[in-house]
Amino acid sequence: MSKRDTVVGPIELKGLPTLELEKLFESSGIKRYRARQVYDAMYISRIDNVQEMKLLPHALRETLDSAYRTESVHLKTLQVSDDGTKKFLFELLDGSAIESVLIPSEMAEEDGHPRRRTLCISTQVGCNLGCVFCATASLNLKRNLTSGEIVDQYLQAQKHSLKPITNIVFMGMGEPLNNYDAVMRAVEIFNDQRTLIVAPRRTTLSTAGVVPGIVRMADEKRIIKLAVSLHATTQGVREKLMPIARRWPLDTLMDALEYYYQKTHKGVTFEYIVFEGVNDSSDDVKRLARFARRFPSKVNVIPFHSIDFTHPEGFGAQLKPSTPKHFQQFIDRLRAEDVHVLIRSSSGKDIDAACGQLALSDKAK
Ligand code: SAH
């Protein structure tokens, strides 16, 4: 564990896959089989308080209570949008804060109830990638989240949803592939057959293009869905939007994604924010279509959400969402090139909960 991952206070019980929890218990002189009981109590019975784990003997409950903690994130405020989106502001033990967003989507015609409930979770406190269009960039990076803090965002949010959360996306604050181990531990718990939290095909990780992380996912044959924030079709424009492009250029990124496809037989989803006059030309459409044809993939076209409340400077301050007409034209042209296009909705805009708007804005504090 690096210094950045250190959290003060008692050891977290949440966030360890069964085998690791067994090792932790054994090294503390607790019987190995107790680990599975505690694991099931946390993720199946959803018990947050060790004292309520009645299956455990009194003495063990006392030991666990004094040396460990089950609560990793603490709900501070909950905002509800006109469209039903919920934004959670969680406080961590060290006083840091993060946000998660619960988005009801795909209204089912028959009963008017949303068919999917997607939870967007954070992986870092702040972010150091500096994408000029993203509100989280204004916070800088404070530290990585622990796997317990990642898993607990789901467990706490679920308490505020009448129906089960059906999908998890690592698209909140931070870059998940810069916190690889903790994120993958959380994925193991989410996708575990015992917990039945969500299936791998309902778990999506979005990266700004951290090439070594993509290669590692390929080598480890990680079969959760992979989304990549592309946002440009030329190296020049991408560098202006996302400084990470200097470290891992577009062609290196595309090679890594092709490698991922060869290893996992899984395609990727390209995320593409359409900025007026920056990345929305007919040449962009042609280049984007060429990328999308290299291996099976989809393009998720995203409207640019305002981040004016963070007072962006330089190139970021000049960015504008494309007009509705140009946005539609861009989609039509892509479809004419046989690209599978998805359009991301802007749920939760009124409470700054839409993509790229998570910055612990004053409204949320
Ligand atoms: N660091 C990861 C995940 C967090 S961002 C990544 O970069 O993919 C989740 C998605 O929201 C990304 O596709 C990101 O590019 C997009 N996004 C960021 N700021 C946005 C904004 N202002 N409007 C619309 N989408 C934005």
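Our structure is the block above this text.
Residues numbered from 1 in each chain as written. Predicted model: local features only at pLDDT ≥ 70, side-chain atom pairs only at ≥ 80, totals over all residues. Heavy atoms only, no water.

**Considering helix H10 (residues 282-293)**
Between its first and last C-alpha, H10 extends 17 Å over twelve residues, near the 16 Å set by a 1.5 Å rise per residue. Looking only at H10, the buried set comprises Asp284, Val285, Leu288, Ala289, Phe291 and Ala292. Around the axis of H10, the buried residues are gathered within 160° of arc, so they sit on the same side. Residues of H10 that are exposed and angled more than 90 degrees away from the buried face: Arg290 and Arg293. The inward-facing, buried residues of H10 contact helix H9 (250-264), strand S12 (268-274), strand S13 (297-303) and helix H12 (324-336). (Helix = DSSP H or I, 4+ residues; strand = E, 2+ residues; numbered from the N terminus. Expected span 1.5 Å × (residues − 1). Buried < 20%, exposed > 50% of the residue type's maximum accessible area, 1.4 Å probe, protein only. Arc of directions from axis to C-beta. Contact = heavy atoms within 4.5 Å.)

**With respect to the packing of aromatic side chains**
On inspection of all chains with the given rule, the structure shows ten aromatic pairs. Ring centres of Tyr154 and Phe190 lie 5.7 Å apart, and the angle between their planes is 75°; this geometry places the pair in the edge-to-face category. Of this pair, Tyr154 sits in helix H4 (residues 147-158) while Phe190 sits in helix H5 (residues 180-191), and the two are 36 residues apart along the sequence. Accessibility classification places Tyr154 together with Phe190 in one group, the buried group. (Phe/Tyr/Trp six-rings, centres within 6.5 Å; stacked < 30°, edge-to-face > 60°.)

**Some details on the pattern of salt bridges**
For the structure on display, the rule yields 19 salt bridges. Between Arg194 and Asp40 there is a salt bridge, with the nearest N and O atoms lying 2.3 Å from each other. With a gap of 154 residues between them, Arg194 in the loop between H5 and strand S10 (203-207) and Asp40 in helix H2 (residues 33-43) connect regions that are remote in the sequence. Of the charged contacts, one joins Asp255 and Arg294 as a salt bridge, the two residues approaching to 2.9 Å between their closest N and O atoms. A residue pair is termed long-range when its members are at least 10 positions apart, and Asp255 in helix H9 and Arg294 in the loop between H10 and S13 qualify at 39 residues. A single salt-bridge network, built from bridges that share partners, covers Lys14, Asp48, Asp152 and Lys159. (Salt bridge = Lys/Arg side-chain N within 4 Å of Asp/Glu carboxyl O.)

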